[in-house]
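# Working through the structure, step by step
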Amino acid sequence: MTFFQFVFSKAFLKQLLLAIVALLVLAFLILWWLRISTNHNEKIEVPNLAKMSLDKVEEKLDEMDLRYEILDSANYNPEFPKYSVIEQIPKPGKYVKEDRKLYLTLNPSGYRKIEVPDVLGRTRRQVEPTLLAMGFVIGKISYRPHISDNVLELRYKGEKLDPGTPLQKTSVIDLIVGDQSLNRIQSEDDPSENNPEAPTNNEEDTNGEF
């Protein structure tokens, strides 16, 4: 039997047909397995995890066959509980596959701390905007006898507050300010203001006489 006779023989064509059928069946089985293993067309809606603690997040995602990873802490937001989820990727409502990892950002335990600036000796008009711009809150204003109207002391919760002390943002700082009363007393005691004829130190009066 020649080669061409073998190729066109019924036995060869039968074997070839069986091989093609076997390949098609194998391809079908592989595609079916891939669909199952990759959860083809099976998607999970991402839940809203905002304001949830990590314990509740873990419980929720375990039920949905999802995972999570903590990215970082954001700036403190008082509208969210401490250590709760403040942001998530993907966003709520998106659809993901099973075992997908969600990336979470947590709310820290409080505002970050800021060093108190050295504002002693400055006027109240200068000090208040400086403290407010840094995130502090101006509390009680007290006055103390002094020659000027400058800020003489800072206090926090009744204790003296030194410049450079780290305080949490939004902390309430009390101010002790001079009332200029000593300046008025000195003016009243100055004879040059009450008596125009009172002698004054003048360089021209002392020149030429000893």
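Residues numbered from 1 in each chain as written. Predicted model: local features only at pLDDT ≥ 70, side-chain atom pairs only at ≥ 80, totals over all residues. Heavy atoms only, no water.

Moving on: the overall build of the chain. The secondary structure content of the chain amounts to 7 helices and 11 strands. For the chain, the proportion of its 210 residues judged to be buried stands at 23%. The contacts of the chain with a sequence gap of at least 6 include a subset with a gap of at least 24, amounting to 69%. Total accessible area on the chain is roughly 15600 Å²; 54% of this is exposed by carbon and sulfur atoms. (Helix = DSSP H or I, 4+ residues; strand = E, 2+ residues; numbered from the N terminus. Buried < 20%, exposed > 50% of the residue type's maximum accessible area, 1.4 Å probe, protein only. Contact = heavy atoms within 4.5 Å. Areas by Shrake-Rupley, 256 points an atom, 1.4 Å probe, with all protein chains shown as cover.)

With that out of the way, let us pick up the confidence of the model for the chain. With 80% of its residues at a pLDDT of 70 or more, the chain shows a mean pLDDT of 82. Overall, residues 192–210 carries pLDDT values under 50, and its contacts beyond four positions in sequence, including any with other chains, amount to 5 contacts. (pLDDT = per-residue confidence, 0-100.)

On to the environment of Leu 61, then. Relative to the assigned elements, Leu 61 resides in helix H3 (residues 54–63). For Leu 61, a relative accessible area of 0% puts it in the buried group. In sequence terms Leu 61 and Lys 101 are 40 residues apart; their C-alpha atoms lie 9.6 Å from each other. If near-sequence neighbours (up to four positions away) are discounted, Leu 61 is found in contact with Pro 47, Leu 49, Leu 66, Arg 67, Tyr 68 and Leu 102.

As a further point, take a negative patch on the surface. There is a patch of like negative charges on the surface, built from Glu 42, Asp 55, Glu 58, Glu 59, Asp 62, Glu 63, Asp 65 and Glu 98. Along the polypeptide, Glu 58 turns up in helix H3. (Patch = residues over 30% accessible without salt bridge, like charges linked within 9 Å, V, L, I, M, F, W, Y side chains within 5 Å. Salt bridge = Lys/Arg side-chain N within 4 Å of Asp/Glu carboxyl O. Lys, Arg positive; Asp, Glu negative; His and termini not counted. Charge placed at Lys NZ, Arg CZ, Asp CG, Glu CD.)

Position of Glu 153 among the secondary structure elements: in strand E8 (residues 151–156). A distance of 3.5 Å separates polar atoms of two side chains, one belonging to Glu 153 and the other to Arg 144. Residues contacting Glu 153, with those up to four places away along its chain left out, are Leu 120, Arg 144, Lys 160, Asp 174, Leu 175 and Ile 176. (Polar contact = N/O pair within 3.5 Å; in protein donor to acceptor, adjacent residues only side chain to side chain.)

Strand order in this open sheet of 3 strands is E2-E5-E3, and the pairing throughout is mixed. Looking at strand neighbours, the two that pair on one side only are strand E2 (67–73) and strand E3 (85–89), the edges of this open sheet. Averaged over all pairs of adjacent strands, the angle between their axes in this sheet comes to 30°, without regard to strand direction. As paired strands, E2 and strand E5 (residues 101–106) are joined by 6 bridges and run parallel to one another. Residue pairing in the sheet places Glu 69 in a bridge with Tyr 103 of E5. This element, H3, spans E2, E3 and E5 of the sheet and lies at about 150° to E2. (Pairing = 2+ DSSP bridges. Axes fitted to C-alpha atoms, helices over the stretch in contact; angles between N-to-C directions.)

Here we come to the pattern of salt bridges. On inspection of all chains with the given rule, the structure shows 5 salt bridges. As a salt-bridge pair, Glu 69 and Lys 101 come within 3.1 Å of each other at their nearest N and O atoms. Here Glu 69 is found in strand E2, whereas its partner Lys 101 is found in strand E5, with 32 residues between them in sequence. We classify Lys 101 as partly exposed; its relative accessible area is 22%. For Glu 153, the salt bridge identified is with Arg 144, shortest N-O distance 3.5 Å. According to the relative accessible area criterion, Glu 153 is buried, its value standing at 10%. Look at Arg 144 and you get partly exposed, because its relative accessible area is 33%. Connected through salt bridges with shared partners, the residues Arg 144, Glu 153 and Arg 155 form a single ionic network.

All right, on to a nonpolar patch on the surface then. A cluster of nonpolar residues, Leu 17, Val 21, Leu 23, Val 25, Leu 26, Phe 28, Leu 29, Ile 30, Leu 31, Trp 32, Trp 33 and Leu 34, forms a patch on the protein surface that exposes about 1200 Å² of accessible area. When you line up the elements, Leu 23 lands in helix H2 (residues 10–37).

For the rest of this paragraph, the subject is the packing of aromatic side chains. A complete count under the given rule lists 1 aromatic pair for this structure. Seen in terms of ring centroids, Tyr 76 and Tyr 111 are 4.8 Å apart; in terms of plane orientation they differ by 75°. Their pairing is edge-to-face. With a gap of 35 residues between them, Tyr 76 in the loop between E2 and E3 and Tyr 111 in the loop between E5 and strand E6 (113–115) connect regions that are remote in the sequence. For Tyr 76, a relative accessible area of 19% gives the class buried. (Phe/Tyr/Trp six-rings, centres within 6.5 Å; stacked < 30°, edge-to-face > 60°.)

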